[in-house]
Amino acid sequence: MANATDVASAIVGALSLAVQVAQLTQDHISRVSSLPSNVTLYLAELVSLKALLSEIQDSLLIQSLTPDYMTSQHVPLPIEFALVRAELEELDRTLQAAQLRKASFMVKKLLWPFSEDETLRWASRLSRCKERIRATTFITGL
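The rules behind the values
Residues numbered from 1 in each chain as written. Predicted model: local features only at pLDDT ≥ 70, side-chain atom pairs only at ≥ 80, totals over all residues. Heavy atoms only, no water. Phe/Tyr/Trp six-rings, centres within 6.5 Å; stacked < 30°, edge-to-face > 60°. Buried < 20%, exposed > 50% of the residue type's maximum accessible area, 1.4 Å probe, protein only. Helix = DSSP H or I, 4+ residues; strand = E, 2+ residues; numbered from the N terminus. Contact = heavy atoms within 4.5 Å. Core = buried A, V, L, I, M, F, W, Y, C linked by side-chain atoms within 4.5 Å.

Novice: Please explain the packing of aromatic side chains as it appears in this structure.
Specialist: Under the defined criterion, the tally for this structure stands at two aromatic pairs. Taking 6.3 Å as the distance between ring centres and 40° as the angle between the ring planes, the aromatic pair formed by phenylalanine 114 and tryptophan 122 counts as tilted. Relative accessible area serves as the criterion here: at 5%, phenylalanine 114 is assigned to the buried category. For tryptophan 122, a relative accessible area of 6% gives the class buried. An aromatic cluster of three or more residues is present, and its members are Tyr42, Phe114 and Trp122.

Novice: How should the side chain of glutamate 45 be read in this particular structure?
Specialist: With respect to the helices and strands, the residue glutamate 45 is situated in helix H2 (residues 39-63). Leave out the neighbours within four places in its chain, and glutamate 45 touches Ala123, Leu126, Ser127 and Lys130.

Novice: How should the nonpolar core be read in this particular structure?
Specialist: Soluble, globular proteins show a tendency: their nonpolar side chains are buried together. The biggest cluster of nonpolar side chains holds 31 residues, and the ones touching the most others in it are Tyr42, Leu49, Leu53, Phe81, Leu91 and Ile133. When residues of this core are traced back to their parent elements, those giving at least two are helix H1 (4-31), H2, helix H3 (76-105) and helix H4 (116-140). Among residues more than four places away in sequence, those in contact with leucine 53 are Ile11, Ala14, Leu15, Ala18, Phe81 and Ile133.

Structure (structure tokens):
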């Protein structure tokens, strides 16, 4: 059975990773010479996922003030957050690798690290993460 610490830890880990990915993305965007047209969809999904994680963290904080708020209904939450974290870790690694490649060549005009199709795939993956968390929180009543 998941306890408050497991759920809170899973949320904090996923949220901090989402913030890190958002910062890396912002760094790329601020130095990129041309962006794919669908980068706004990618950004919208990333920001939306980050906001959802923040809302859940706030909700858990409020619920933690109520005795016995963690029930067996919350068991799926750490599993879902682990899946989301794995997706964010992969995105983070990809962005960091792209940043290192660009820095090693000292390129003045940086390119967005993903093709149009890859950007769309990442937007879709982020959207699926967000929907999985929403569904799980809805089912568990969080």
